[in-house]
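Topology and contacts: notes
As a plain string of letters, each chain reads:
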Amino acid sequence: MSQIAVEKKVLNENQIVAEKLRELFRQNGIFCFNLISSPGSGKTALLERTLERLPQDSRVAVLTGDLQTENDAIRLSRFGFPVKQIITGGTCHLDARMVEKHLAQWKLEDLNTLIIENVGNLVCPTGYDLGEAFKIVMLSVTEGEDKPLKYPSIFFKSELMILNKIDLLPYVPFDAAKAKENARKVHPGMEILEVSCTTEQGLDEWMRWLEQKRSSVFGR
Amino acid sequence: MTITICHGTDFYNEFKYMHELSIASSILDVVAKEAKTRPGAHILKVGLRIGELAGVDRDALSFGWEVLTKDTEWDGLRLEIEDVPRRQRCSVCAHEFAAPDFMTQCPKCSDPLSVTIAGDELDIAYLEVEEP
């Protein structure tokens, strides 16, 4: 009986495709982020507000993942930018191959931003690199402020936490300071933005954050 | 081989199992590849290293593994999971420390901005085999 060292990442195959995508994004100057949250936190609402604020000549595209229906793609395509729905047919996360496949019909040289809206789920998307520059996690004030502690992995791996629905703070027993403290316990120094997609509070800061990150990725 | 099982009404539990099931499937891919390079060898055990920040539930993974290997040539192949606790390094004084319960503040100099140096692993470390 002997022990053979393997020393491989379990998700090695996904990683290989993700690195290929990352290189493609780099070559084409595409800034890509991967938006992750529970179902119903407001990912699609944030993207609606984001797309409507972008100039019409922006070279942005959106891939949106769901188990079923094209509802999100329909919502997001109203803004005139290319949008594609990835229907996973039950899979609880997007993987790099799905992204690769759905990008195939787009000319990457026509894009400079790719937004990936992951399947609503705080657990499974965490381990799957999609070639993005950053993961962004969204939490809404109608959830529990202990979510960063319950699902530490995604808060640990995300560059930014967006706290959404802050217009509802007066009506729900959500302790925003505690939520932020919890996020920073898991991810020391984590950047956090508070927004409301209904009152549009905080959205200017969000758009500025995106622009700054794009500049930091491409050094301009 | 990529297997995804996706039916059920208990959404949250199904989600969880599906995720670990696809991880189990990735592990099996690696095992099958290794087995091909060692014809005749009998694989007894797969050694995994899973960090507490990897977002992988051990029980769900073992369940997924059982489902996946049942009545196949891999039936009975054991997973041995080494849990890797979180460790941090202080950004100011470089002190390295264990960080149970998200205690990421440096115990030496109290700086809150430490970086994680262990605890997000999801690795296949080794295979235990019986060579012919």
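None of the values given here were measured: they were computed from a predicted structure.

Right, let's get into the overall build of chain B. Across its full length, chain B carries two helices and six strands. Walking chain B from its N terminus toward its C terminus, one meets helices and strands in the order α-β-α-β-β-β-β-β. Buried positions account for 28% of the 132 residues belonging to chain B. Restricting to contacts in chain B with at least 6 residues of sequence separation, those with at least 24 account for 68%.

Facing 34 residues of chain B, the contacting portion of chain A comprises 31 residues. Listing elements by their share of the side of chain B that touches chain A, those giving two or more residues are helix 1 (11-36), strand 5 (114-118) and strand 6 (122-130) of chain B. Ranked by residues supplied to the side of chain B that touches chain A, first place goes to helix 1 of chain B with ten residues. For the side of chain B that touches chain A, the residue count by class is 18 nonpolar, eight polar and eight charged. Note: strand 1 (residues 2-9) of chain A against strand 6 of chain B, six bridges, orientation antiparallel.

Residues and elements named next belong to chain B. Read across the sheet, three strands follow the order 4-3-5 without closing on themselves; strand pairing throughout is antiparallel. Both outer strands of the open sheet, strand 4 (96-98) and strand 5, are each paired with one neighbouring strand and no more. Ignoring which end each strand starts from, the neighbouring axes of this sheet average 35° apart. Relative to strand 5, strand 3 (residues 87-90) runs antiparallel, the two being bridged by four bridges. Residue pairing in the sheet places glutamine 88 in a bridge with threonine 116 of strand 5.

Unusually for a residue other than glycine, A:Thr69 sits at a positive phi of about 75°. Among the secondary structure elements, A:Thr69 is positioned in the loop between strand 3 (60-66) and helix 3 (71-77). One non-glycine residue, B:Asp71, lies in positive phi territory at about 60°. Look at B:Asp71 and you get exposed, because 6 C-beta atoms sit within 10 Å.

Let us look at helix 1 (residues 12-27) of chain A. One turn of an α-helix holds 3.6 residues; hence residues three or four places apart share an orientation. Residues and elements named next belong to chain A. Between its first and last C-alpha, helix 1 extends 23 Å over 16 residues, near the 22 Å set by a 1.5 Å rise per residue. For helix 1, every residue scored as buried is listed here: Asn14, Ala18, Leu21 and Phe25. Down the axis of helix 1, the sector holding all buried residues measures 60°, keeping them to one side. Of the exposed residues in helix 1, the ones pointing more than 90 degrees away from its buried face are Ile16, Glu23 and Gln27. Next to the buried residues of helix 1 lie strand 2 (31-37), helix 4 (96-103) and strand 5 (113-117).

Quick look at helix 4 of chain A now. Residue and element names in this part refer to chain A. Buried within helix 4 we find Ala96, Met98, Val99 and Leu103. Considered in projection along helix 4, the buried side chains sweep an arc of 160° and stay on one side of the axis. On its buried face, helix 4 is in contact with helix 1, strand 3, strand 4 (83-87) and strand 5.

Bringing the pairing of strand 7 (residues 160-164) of chain A into the picture now. All names here are of chain A. Across the five residues that make up strand 7, a large majority, five, are buried. Side chains of strand 7 alternate between two faces, with Leu160, Ile162 and Asn164 and Met161 and Leu163 buried alike. As defined by bridge partners, strand 7 adjoins strand 8 (residues 191-194) across four bridges and the pair is classed as parallel. By the bridge assignment, methionine 161 is partnered in strand 8 with isoleucine 192. A crossover connection joins strand 7 to the parallel strand 8 through helix 7 (residues 176-186); in handedness this β-α-β unit is right-handed.

The rules we used
Residues numbered from 1 in each chain as written. Chains lettered and ligands numbered in written order. Predicted model: local features only at pLDDT ≥ 70, side-chain atom pairs only at ≥ 80, totals over all residues. Helix = DSSP H or I, 4+ residues; strand = E, 2+ residues; numbered from the N terminus. Buried ≥ 20, exposed ≤ 12 C-beta atoms within 10 Å, placed from the backbone. Contact = placed C-beta atoms within 7 Å. Nonpolar A, V, L, I, M, F, W, Y, C, P; charged D, E, K, R; others polar. Pairing = 2+ DSSP bridges. Axes fitted to C-alpha atoms, helices over the stretch in contact; angles between N-to-C directions. Expected span 1.5 Å × (residues − 1). Arc of directions from axis to C-beta. Right-handed = clockwise from strand over helix to strand, strands pointing away.

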